[in-house]
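Here is what each chain is made of, one letter per residue.
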Amino acid sequence: MKVFRSVAAISAALALTVGSAQAQMINFTTTGMFSGTGCSATGGVALVSSWCDAAGGIRITYTFAEMQVLNSFGNAQFGSFATSGNGPATFNDVLFQLTVNQTLPTPGSAMASAPVSGTVSAIQGGLVWAPVSPVDFFIDAARYHLSTDLLTGGVRIDPPNIGGAMGNPQTSRG
C-alpha cells in the first residue's frame, strides 16, 4: 500500500528580494530525479513523479509539485516523498536531485541535491535525504529556502503507512 505524506521539510519559504513596494507574484513547478547504483530500478510517470527501487523491496517515490502561484513571501510545497513495499531495504549510493522551474517573475531554474541513505522497512523508518545543498538559492530575485530537519540537516523520509518527521518551514525575508 502506498501512502503519500507531504513532508514539510520539502516545503519552501520564498522571498522576492527586489526593492518594490508592491507584491510580486512567483510561479513555479518542481521535478525530481533519482539516480545511482543504489537504485535497482528507476522510473516514474511523465510530469508527475519519479521513483527508485532498492534491493529488498522498498520503493521511494517523489511526486512533483504542481504549479504554485504565490505572493512575494510565503510557504510553498516542493513536492512529497512516499515509500511503499515491505522491505527492509537499504538505500546506499542513491542521489536525489530537486529542480525548481520558475516562470514568474523571471523564467529560470535551480537545483538542490543530496544523497538518500538509510534503511527502511514497512514499519520502521531510517531514510534521510541529506545533506541538502544548497539550502538557499535564487532564481533571479526570488529567494528559495529549503526547510530541513535540525537533527539530520536534511529531509527524513517516513516508512510506508507511517506519518511524522515533519520539518518546520521558515519564511526568509532577504
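Above this text you will find the structure in question.
Below, the structure is looked at part by part.

About the thresholds
Residues numbered from 1 in each chain as written. Predicted model: local features only at pLDDT ≥ 70, side-chain atom pairs only at ≥ 80, totals over all residues. Heavy atoms only, no water. Pairing = 2+ DSSP bridges. Helix = DSSP H or I, 4+ residues; strand = E, 2+ residues; numbered from the N terminus. Axes fitted to C-alpha atoms, helices over the stretch in contact; angles between N-to-C directions. Salt bridge = Lys/Arg side-chain N within 4 Å of Asp/Glu carboxyl O. Buried < 20%, exposed > 50% of the residue type's maximum accessible area, 1.4 Å probe, protein only.

**Structural notes on the sheet that holds strand 8 (residues 80-85)**
Okay, step 1: Overall, antiparallel pairing links the 4 strands, which are arranged 3-4-5-8 in an open sheet. One side of each edge strand has no neighbouring strand; the edge strands of this open sheet are strand 3 (41-45) and strand 8. Looking at each pair of strands side by side, their axes are set apart by 20° on average, direction ignored.
Okay, step 2: Sheet topology places strand 4 (residues 49-54) next to strand 5 (residues 58-63); 6 bridges connect them, and they run antiparallel. For Cys52, the partnering residue across the bridge sits in strand 5 and is Ile60.

**With respect to the pattern of salt bridges**
Okay, step 1: One pass over the structure, following the stated rule, counts 3 salt bridges.
Okay, step 2: One salt bridge in this structure joins Arg143 and Asp136, with 3.3 Å as the shortest N-O distance.
Okay, step 3: Residue classification places Arg143 among the buried residues on the basis of a relative accessible area of 18%.
Okay, step 4: Close ionic contact of Arg156 with Asp149 constitutes a salt bridge, the shortest N to O distance being 3.2 Å.
Okay, step 5: Taking relative accessible area as the criterion, Asp149 reaches 11% and is therefore assigned buried.

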